[in-house]
Amino acid sequence: MSTKNAIISVKNLVKKYDDLTAVQGISFEVYENEIFGLLGPNGAGKTTTLEIIETLREKTSGEILVDGYSVEKDANKIKRIIGVQLQAAGYYPNLNLVELMELFSGLYGVDIKPMEMLEKVNLQDKAKAKYKALSGGQKQRFSIATTLINAPKIIFLDEPTTGLDPQARRNLWDLIISIRNNGTTVVITTHYMDEAEQLCDRVAFVERGEIIALDTPDNLIDNLVNSGFERKKEVKKANLEDVFINLTGKEWREDN
Amino acid sequence: MGKPYNNTKATLALAKASFRSIMRSPSAVVFTLAFPLIFILVFGFIGSSEIKVKLAVAPGSDLQNPVIQALEHHSMVSLVKDTDTADIRNGLEKGNIDALINVKKNEAGTPAYLANVQYTSASMDKGSILKSVLNNLLSTLNAKDVKPTVAELYESTVQGRVYRRIDFILPGQLGFSLLSTGVFGTAFVFFSLRQNLVIKRFFATPVKRSSIVFGECLARIGFALLGAIFIIVIGHFFFHFTLIHGAITVLNMLLLSIIGLIVFMGFGFVVSGIAKSESTIPPISNIITLPQFLLSGTFFSIDVFPTWLQPISRALPLTYLNDAMRKVAFEGAGLWDVKQQILIMVIWGIGIYAVAVKTFKWE
């Protein structure tokens, strides 16, 4: 663990809007090649923090380095080494997936083969479809494909699994893990604790603009158990979602 | 990774995407091509019809006489025969028939015939045309074989260029097409890109803001020029729209189109910035386009407007685009000859972009 390099470092980040402080002095590091989770309720400041690191929003104070570049001085250099999936982002109207890929390759200034990118997220069959015609899971997979165009060092995923059915969610996990295994660092926000537990190497809990806990899921759980916590109900070896997946199958579905 | 970022490539990628999107957008195609073409078709066909005076021949009137025969061959008169008195009276009262003629043999001998004409107050203008036709006709008939005692009139017409209605209508429609593409298209695109967070996603890439604006403009100009060429070609080959110097004239018209479109897109940027929701874009855009549509000489020359209205007309940018287009197309003027019109458009452009910079919103 001690050999981990920090690829993102956030120190005392503060973001104030006119009448509220969304982020009040948070600090954390994201290590190279890990999946880092930002967890917390809506309005806790997760998205704001993410967008400041992505150089989409100005910070009020604090210091942020992304792969050694500072967000205020080298925003453009940062943009070239990160991939960003926004919550609820739209794509250029009237274009199909291949055309959108071509557009993004121009915007990033890289040469890619659109079909190869779509194959990475298993959307090759939807190449001629419009973004609007995709299902929720397909939309998220396409969004993730656009984050990979510039072969980034880090990708940011803002609630990528919200609203997806269990199959779509699980195959998105597989996709995220395979991206990490190819050497990319992943920063993800989510509301689902089972997801964070399965997916994330380390998680930070954000509450009212502050980090209230940061560790590996295992350590956090062990700490709670050691403090004397007990679940009211004995945990079984499977849960209802496992039953659902077992009954309906885990394979990729046409519409998820 | 070591390669420097290529802004041109990003701009062109955006222009290409935007152009594809416009071509697939029904409203853009309708406003830029279908609307102007429909107006051109309508006026193209109306414009070719001539004035005809409907002259009823009274029942019982003599038909075998020089007056009726001459009228029958007159290009501006169409004779209505075999209609009974009640129908003729009815037609005269409604103005469906412009006049009634009754020719009788003169029992007294000279002159040989007596022509009795009755006009109607329901059609005074055609009545006066008929009056002069008849005067002309009768004096020719009466003077037959007689040498004039005072002076003989010789008439001839200089063969000039034929100024057709299309020569007036087409530049106006082209201007209107550019106006609506510029204002509506630009306003809708930037509003919806902003609203749907498309622009926000762009900002997460290294693309510059200027590339986004420039790429969009490039696509719109390309699309509008294709539309302009289409309109000019249809007008020229189907309705004999006059292009004095051929391809050079077309080129000049396209350059004028670009200048006009850039000015009109400025209005579009302003609208996209001040519109609060998608549904407020059409009314705001209409406030900009409709007055120009009506007052800038799109359908008729602004000289026919009342004098108090003319200064307003002369303040609008479309007036000068239309004016310059007509001078270039019909009179064969070069761009330097219409520098005054261009200058006024440029002044409008500077003004509107100053406002656009203040009102435009990225997010």
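Residues numbered from 1 in each chain as written. Chains lettered and ligands numbered in written order. Predicted model: local features only at pLDDT ≥ 70, side-chain atom pairs only at ≥ 80, totals over all residues.

1. Let's talk about the sheet that holds strand S4 (residues 113-119) of chain B
All names here are of chain B. Strand order in the open sheet made by the 4 strands is S2-S1-S3-S4, with mixed pairing throughout. Sheet topology places strand S2 (77-80) and S4 at the edges, where each strand pairs with a single neighbour. Across this sheet, the average inter-strand angle for adjacent strands is 30°, counted without regard to direction. Judged from the 3 bridges that link them, strand S1 (residues 53-57) and strand S3 (residues 99-105) form a sheet pairing that is parallel. Following the sheet pairing, Leu 55 is matched in S3 by Ala 99. (Pairing = 2+ DSSP bridges. Helix = DSSP H or I, 4+ residues; strand = E, 2+ residues; numbered from the N terminus. Axes fitted to C-alpha atoms, helices over the stretch in contact; angles between N-to-C directions.)

2. Let's talk about the domain arrangement of chain B
Once the domains are mapped, chain B shows domain 1 (7-46 + 165-359) and domain 2 (53-142). Relative placement of domain 1 of chain B and domain 2 of chain B: their C-alpha centres are 51 Å apart. (Domains from an automatic or database assignment.)

3. Concerning the UniProt feature "transmembrane region" (unreviewed entry) in chain B
Residues and elements named next belong to chain B. Under the local residue numbering, the UniProt record ascribes the feature "transmembrane region" (unreviewed entry) to residues 28-46, 174-193, 217-239, 251-275, 287-309 and 342-360. Counted over residues 217-239, helix gives 100% and strand 0%. Its end C-alpha atoms are 31 Å apart. The span residues 251-275 carries 96% helix and 0% strand; its end-to-end C-alpha distance comes to 36 Å. (UniProt positions renumbered as here; feature names shortened; annotations may be inferred.)

4. Section: the sheet that holds strand S7 (residues 154-158) of chain A
Picture the strands of a sheet paired through backbone hydrogen bonds; they go either parallel or antiparallel. Residues and elements named next belong to chain A. In spatial order, the strands read S6-S7-S8-S3-S9-S10; together these 6 strands make up an open sheet with mixed pairing. If you trace the sheet from one side to the other, it starts and ends with strand S6 (82-85) and strand S10 (210-215), each paired once. For this sheet the average axis-to-axis angle between neighbouring strands, irrespective of direction, equals 15°. Pairing of strand S3 (residues 35-39) with strand S9 (residues 202-207), which is carried by 4 bridges, proceeds in the parallel orientation. Along S9, the bridge assignment pairs Leu 38 with Ala 204. Helix-sheet contacts for helix H6 (residues 166-181) involve S3, S7 and strand S8 (185-190), and the interaxial angle to S8 is about 155°. (Contact = placed C-beta atoms within 7 Å.)

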